[in-house]
Amino acid sequence: TADAIYNPVNFWNDAGEPQLQLLKVDLTNAQRVSLYFGGSTDQDGVQLVPWQEGFCIFAGDTMYQVSGEGGQPRAFPLGSEENPEYADEYAAYDFDCRLDAGSNSGKRIDLETGQITELELPGQIEFIFETGGPRFMIARVITAAPLPSSGEGEAFQALLQSGEREYDWYDPATGALEKILTEPYYGVEQPDGSRRRRDYMGMAGNRLYFSWYMEGGTAGGVESCALDG
């Protein structure tokens, strides 16, 4: 945040039991305090997301609500191990999208109750981007036929060669998609046969920013567009 760093730390105690501690480093006075200390079932995939005036810690199959001032946390058993990477004001989101394997899945985890809702995602998602609001931006591949596994190399590459990359707004609350822009998957072909490609960088204010580059060359730059493309 503007005035503090929050850091989850995993370690083992003298008895060999896994422990988790949430430390707050106050940047205004250089003081460090402990907001949470307890046992942990997960030493690898601990996730920390902001919630109200505090945080939710996802460790193993449990969600802990921790006040920004410390004190006794509230624990919510989730029934499964969750590692959400995105969050808005009300929920955390765990997405698993594998273009090369043809699989998309998503979960919404209510930060107030721990309730998990399965999400319906569109097919052939390549990337999901957080934008600081209730909607996500996704990049998905549009092809003439469904993509096979990347193990079918020639068919997979042939469909990508003729396919498009489409950027969309995705609303997890409703499943609604709103197209922003589309371009050939491997970039727009130029008169000299080279291709101009674009990668999403982020959102600032009310504009979306992309880097662009010429495939195989050194030319490049940054461009932006309105939120509707």
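These figures come from a predicted structure and were not determined experimentally. (Residues numbered from 1 in each chain as written. Predicted model: local features only at pLDDT ≥ 70, side-chain atom pairs only at ≥ 80, totals over all residues. Heavy atoms only, no water.)

(A) Up close: the sheet that holds strand 4 (residues 47-51). Taken in spatial order, the 4 strands make up an open sheet running 4-5-6-7, and their pairing is antiparallel. Each of the sheet's edge strands pairs with one partner strand only, and the pair in question is strand 4 and strand 7 (74-77). With strand direction ignored, the average angle separating the axes of adjacent strands in the sheet is 20 degrees. The pairing of strand 5 (residues 54-59) with strand 6 (residues 62-66) spans 5 bridges and is classified as antiparallel. Residue Ile-57 lies in a different strand from strand 6, and its bridge partner there is Tyr-64. (Pairing = 2+ DSSP bridges. Helix = DSSP H or I, 4+ residues; strand = E, 2+ residues; numbered from the N terminus. Axes fitted to C-alpha atoms, helices over the stretch in contact; angles between N-to-C directions.)

(B) Molecular detail of the environment of Trp-169. Take Trp-169: it is sitting in strand 14 (residues 164-170). A relative accessible area of 3% places Trp-169 in the buried class. Measuring from C-alpha to C-alpha, the distance between Trp-169 and Leu-99 comes to 18 Å, with 70 residues separating the pair along the chain. Contacts of Trp-169, omitting those with residues within four sequence positions, involve Thr-131, Arg-135, Phe-136, Met-137, Ala-176, Leu-177, Glu-178, Ile-180, Met-203, Leu-208 and Leu-227. (Buried < 20%, exposed > 50% of the residue type's maximum accessible area, 1.4 Å probe, protein only. Contact = heavy atoms within 4.5 Å.)

(C) Here's a closer look at the pattern of salt bridges. Evaluation of the coordinates by the stated rule reveals 12 salt bridges. With a closest N to O distance of 3.8 Å, Asp-110 and Arg-108 form a salt bridge. Several salt bridges share partner residues, and in doing so they unite Glu-183, Arg-196, Arg-198 and Glu-223 into one network. (Salt bridge = Lys/Arg side-chain N within 4 Å of Asp/Glu carboxyl O.)

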